[in-house]
Amino acid sequence: MKRVKSESFSPRRFKLSHILLGVAGLYLIFLASKFPHFIKMVATLTGDTELDDKVSYTDHVDSSRALVSSFHKDSFHRRLEDDEDQNGPSMPDKMPVAEKTSGTKPINPPEFRYGRITGEITRSRNKTLHTSPIERMADEAWTLGSKAWEDVDKFDVTNIEEISLYEGNNESCPSYISITGEELDKAEGVMFIPCGLAASSSITIIGTPQNAHKESLPQLSRLKRGDGMVMVSQFMVELQGLKAVDGEDPPKILHLNPRIKGDWSHKPVIEHNTCYRMQWGTAQRCDGTPSKNEVDMLVDGSRRCEKWMRNDLVDSKESKTTSWFKRFIGREQKPEVTWSFPFAEGRLFVLTLRAGIDGFHINVGGKHVTSFPYRLGFTLEDATGLAIKGDVDVRSIYATSLPTSHPSFSPQKALEFSPVWKAPPLPSRPFRLFIGVLSATNHFAERMAVRKTWMQHSVIKSSDVVVRFFVALNPRKEVNAMLKREAEYFGDIVILPFMDHYELVVLKTIAICEFGVQNVTAPYIMKCDDDNFVRIEPILKEIDRVPPGKPFYMGNLNLLHRPLRTGKWAVTWEEWPENVYPPYANGPGYIISSNIAKYIVSQNTDQKLRLFKMEDVSMGMWVEQFNSSMPVQYSHSWKFCQYGCTLNYYTAHYQSPRQMMCLWDKLLRGHAQCCNFR
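Definitions and cut-offs
Here, residues in each chain are numbered from 1, in the same order as that chain's written sequence. Whole-chain, interface and lining totals are the exception, using all residues; otherwise, since this is a predicted model, local features are given only for residues with pLDDT of at least 70 and side-chain atom pairs are given and counted only at 80 or more. In computing side-chain values, all of the structure's heavy atoms are included and hydrogens and water are not. Counting from the N terminus, the helices are DSSP H or I runs at least four residues long and the strands are E runs at least two residues long. Working rule for helices: expected span equals 1.5 Å times residues minus one. Buried, partly exposed and exposed residues are distinguished by accessible area as a fraction of the type maximum, computed with a 1.4 Å probe on protein chains only: under 20%, between the cut-offs, and over 50%, respectively. Fitted lines through C-alpha atoms serve as axes, helices being fitted only where they are in contact, and the angles separating the N-to-C directions of these axes extend from 0 to 180 degrees. For this classification, under 35 degrees means roughly parallel, over 145 means roughly antiparallel, 65 to 115 means roughly perpendicular, and everything else is oblique. Working rule for contacts: check all heavy atoms of both residues, and any pair within 4.5 Å makes them a contact. Three classes are used: nonpolar for Ala, Val, Leu, Ile, Met, Phe, Trp, Tyr, Cys and Pro, charged for Asp, Glu, Lys and Arg, and polar for all others, with Gly counted as polar. In this scheme, strands are said to pair when DSSP sees at least two bridges between them. When two cysteine sulfur atoms lie within 2.5 Å, the pair is treated as a disulfide. Two aromatic rings from Phe, Tyr or Trp, using only the six-membered ring of Trp, form a pair when their centres are within 6.5 Å; if the ring planes differ by under 30 degrees the pair is stacked, by over 60 it is edge-to-face, and anything between is tilted.

Caption draft 1: Examining helix α15 (residues 505–518) more closely. In this model α15 runs 20 Å from its N-terminal to its C-terminal C-alpha over 14 residues, within 8% of the 20 Å that 1.5 Å per residue would give. With 13 of its 14 residues buried, α15 lies for the most part within the structure.

Caption draft 2: Highlighting the packing of α15 against helix α18 (residues 615–627). Between α15 and α18, the shortest axis-to-axis distance is 8 Å and the interhelical angle comes to 50 degrees. As summarised for this structure, α15 and α18 are arranged oblique, according to the angle between their axes. Of α18, the residues touching α15 (which contributes Val505, Val506, Thr509, Ile510 and Cys513) are Glu615, Ser618, Met619 and Trp622. Its residues placed into classes, the contact of α15 with α18 shows 6 nonpolar, 2 polar and 1 charged.

Caption draft 3: Helix α12 (residues 444–452), seen in detail. With 7 of its 9 residues buried, α12 lies for the most part within the structure. Taken together, the buried positions of α12 are occupied by Phe444, Glu446, Arg447, Met448, Ala449, Val450 and Arg451.

Caption draft 4: Molecular detail of unusual backbone geometry. At serine 463, a position not held by glycine, the phi torsion is positive, near 65 degrees. Take serine 463: it is sitting in the loop between α13 (458–461) and β16 (465–473). One non-glycine residue, asparagine 648, adopts positive backbone phi at about 60 degrees. Take asparagine 648: it is sitting in the loop between β22 (633–636) and β23 (651–652).

Caption draft 5: Structural context of the pairing of strand β21 (residues 584–593). Most of β21 is tucked away, with 10 of its 10 residues classed as buried. Where strand β18 (residues 524–529) and β21 come together, 5 bridges link them in antiparallel fashion. Bridge pairing links isoleucine 525 to isoleucine 592 in β21. Here strand β20 (residues 552–558) runs beside β21; their pairing, made up of 5 bridges, is antiparallel. Looking at the pairing, glycine 555 lines up with tyrosine 590 of β21.

Caption draft 6: Layout of the pairing of β18. Counted residue by residue, β18 has 6 buried out of 6 residues, so it is predominantly covered. Going residue by residue along β18, you find Tyr524, Met526 and Cys528 tucked away on one face and Ile525, Lys527 and Asp529 tucked away on the opposite face as well. When strand β15 (residues 433–439) meets β18, the two strands line up parallel, connected through 5 bridges. Paired with phenylalanine 434 across the bridge in β18 is isoleucine 525.

Caption draft 7: Geometry of the sheet that holds strand β3 (residues 202–209). Reading across the sheet, the 6 strands line up as β1-β14-β3-β10-β11-β12 and stay open at both edges, with antiparallel pairing between neighbours. The sheet is open, and its two borders are formed by β1 (177–180) and β12 (367–373), each paired with just one other strand. The mean angle between the axes of side-by-side strands here comes to 20 degrees, regardless of whether they run parallel or antiparallel. In the sheet, strand β11 (residues 359–364) pairs with β12 via 6 bridges, with the strands oriented antiparallel. Along β12, the bridge assignment pairs histidine 361 with serine 371.

Caption draft 8: Quick look at the packing of α12 against helix α14 (residues 477–490). Packing of α12 against α14 brings their axes to within 13 Å, and their N-to-C directions diverge by 10 degrees. Relative to α14, the element α12 is oriented roughly parallel. Two secondary-structure elements touch here, α12 through Phe444, Arg447, Met448 and Arg451 and α14 through Leu483, Glu486 and Phe490. Residues belonging to the contact of α12 with α14 are distributed by class as follows: 4 nonpolar, no polar and 3 charged.

Caption draft 9: Seen up close, the environment of isoleucine 134. Residue placement: isoleucine 134 occurs in helix α6 (residues 133–154). Among the residues examined, isoleucine 134 registers a relative accessible area of 10% and is labelled buried. Sequence separation between isoleucine 134 and glutamate 503 is 369 residues, and the spatial gap between their C-alpha atoms is 7.7 Å. Discounting chain neighbours no more than four positions away, the residues touching isoleucine 134 are Glu503, Leu504, Val506, Leu611, Phe612 and Lys613.

Caption draft 10: Representation of the sheet that holds β15 within the structure. The 7 strands lie next to each other as β17-β16-β15-β18-β21-β20-β22, forming an open sheet whose pairing is mixed. Single-partner strands in this sheet number two, and they are β17 (493–499) and β22. The mean angle between the axes of side-by-side strands here comes to 25 degrees, regardless of whether they run parallel or antiparallel.

Caption draft 11: Up close: the state of the cysteines. Scanning the model with the defined rule gives 4 disulfides in all. The disulfide partner of cysteine 645 is cysteine 674, and the gap between their sulfur atoms is 2.0 Å. Since a negative S-S torsion denotes a left-handed disulfide, the cysteine 645-cysteine 674 link at about -80 degrees is left-handed. In this pair, cysteine 645 sits in the loop between β22 and β23 while cysteine 674 sits in the segment after α19 (657–668), placing the two residues 29 residues apart along the sequence. Here cysteine 645 falls in the buried class, since its relative accessible area comes to 12%. Among the residues examined, cysteine 674 registers a relative accessible area of 17% and is labelled buried.

Caption draft 12: Structural view of the packing of aromatic side chains. Inspection of the entire model under this criterion finds 24 aromatic pairs. Ring geometry for phenylalanine 434 against phenylalanine 470: centres 6.3 Å apart, planes inclined by 80 degrees, an arrangement best described as edge-to-face. Of the two residues, phenylalanine 434 sits in strand β15 while phenylalanine 470 sits in strand β16, which places them 36 residues apart along the sequence. In terms of burial, phenylalanine 434 and phenylalanine 470 fall into one category: buried. Ring centres of tyrosine 553 and tyrosine 634 lie 5.7 Å apart, and the angle between their planes is 70 degrees; on these two criteria the pair is classed as edge-to-face.

Here is the structure:
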């Protein structure tokens with residue numbers, strides 16, 4: 001009888017159990033060390049102060065202070081030349097807000113009728129060698145902005161306005177423009193259209209598509225489909241608007257993209273789209289299948305997509321009986337003419353882009369190929385540039401039937417200057433909320449949409465809530481002159497004397513805090529964008545629930561977000577060495593208490609404020625630093641919409657002027673509903 005060798009397995013089982021026990025012990029140690037940190041974050045986001053008292057958070061605070069101290073020696077902080085104490089931030093007075101606002105605090109009067117120009121944002125900084133790239137960019141923007149502001153006083157905007165309105169300026173607004181391919185190359189592929197387009201304007205492009213070339217597609221290589229190389233031949237024709245801010249892509253009023261080879265469908269395709277505030281719309285793709293003939297699918301009576309020959313589509317032949325019957329009743333037999341794809345490698349094309357009443361129409365070789373309806377938020381006068389790029393050799397371009405007067409000074413814009421939309425003066429008494437709206441010089445339509453909609457709320461008209469636009473300067477002096485004229489008339493613009501740049505939005509946020517604590521008296525300050533629709537009443541109800549004097553930070557909060565290290569929005573390790581961002585509210589709209597704003601201003605004055613190119617992350621970082629010495633009540637709400645609009649929203653982002661008017665009309669009828677049309 002064989003002996004069962006069970007003894008030989010017992011040592012192995014013993015070792016495995018010890019290993020599992022050790023892993024469990026390490027896991028428990030990990031939970032013990034990280035669980036308080038997790039509970040603290042949950043407590044801050046939910047506003048539960050009881051959890052704050054029960055959980056020890058001193059280790060995290062000490063590590064955060066050590067991290068901030070280490071950054072003080074890095075390039076993020078400007079090294080101080082004096083012997084100021086750098087061991088910790090100078091905290092604001094801990095007096096409750098109610099006690100502060102009840103006193104007789106002096107309010108600095110505006111330097112100009114149209115707003116206070118906050119030059120102290122960058123003027124107070126020392127010029128040292130120990131500066132970060134964003135600080136050097138800010139200094140350069142300040143220098144350029146100071147020069148641009150001096151030029152504004154020397155510029156007579158009334159002369160330009162009168163010439164454009166009554167006489168017409170044929171020199172600045174020619175009726176036609178022509179350019180050769182060589183001239184286009186020297187202009188980096190962009191043809192300037194001084195006064196935009198008008199209905200019936202047309203642009204004719206003569207060119208030749210280049211032969212296909214190999215491009216690497218990483219997605220294919222990851223899917224193990226060969227080496228990821230594909231043959232590509234495509235080009236882009238774009239009608240672009242003026243770039244409002246340096247560093248930000250100009251809006252794409254029309255994106256026309258013929259793809260001869262390289263589309264994911266492996267078929268020739270023409271794609272249309274628009275891009276507003278760096279957000280692409282829904283693409284319209286034409287692949288040789290004709291669009292339907294319903295009235296709502298037509299653009300000025302033309303199909304959105306015409307038919308061309310495709311090898312994978314076989315038309316069903318009509319039966320002999322049907323054909324005989326048609327001949328019997330005498331119906332005329334019209335032969336169907338089938339066209340090939342209008343673009344081919346190495347073959348000359350003549351493309352005509354015409355602006356109609358309802359949309360753009362594209363003809364190639366005299367035949368209508370596709371039409372694209374106008375998207376909301378754009379007008380023909382915005383199309384001030386034609387960009388051509390990709391695999392194409394351009395021979396010449398002709399733009400005809402152009403407007404002969406500058407649309408920036410059109411009679412329609414003059415009609416917008418009505419006293420109905422003027423802002424009330426700054427109140428000398430305390431009020432409930434100050435709202436700073438970030439805008440750009442040529443965003444006149446967006447500002448007018450705000451003035452006509454939610455700025456007409458009764459609490460704003462009675463100065464219980466105050467709203468001001470914050471706008472930096474533009475490289476074009478005539479644009480700055482018109483901005484000054486607009487600011488003087490409406491009285492709701494704070495002009496910031498630095499050159500606008502996409503990565504310097506953080507300076508506008510600092511300016512809002514500075515204006516909110518030095519020029520007005522309000523317990524809460526809100527920041528939002530000029531394409532953000534704000535519902536005032538629910539926001540006031542939210543801040544009324546906060547205890548007076550309690551530091552407060554409210555918005556659509558992000559927790560443990562990681563920086564993108566590749567792509568268009570990449571952040572380098574030098575810019576942000578941490579693995580995650582601090583808790584921060586999305587930039588389109590958030591609220592802070594005035595004591596946090598005072599802390600930001602004091603840190604900026606003392607040259608201790610760390611700047612980062614993403615302004616919403618910067619605010620989260622500043623609030624976290626403030627929270628290390630005085631607990632902040634974090635309040636999260638999805639109703640501060642990051643993209644678009646949701647039912648019962650607090651703020652709705654990426655809203656065009658027409659959508660703003662629609663949202664306001666719904667609110668006047670008592671409904672907080674969205675207007676989700678393009």
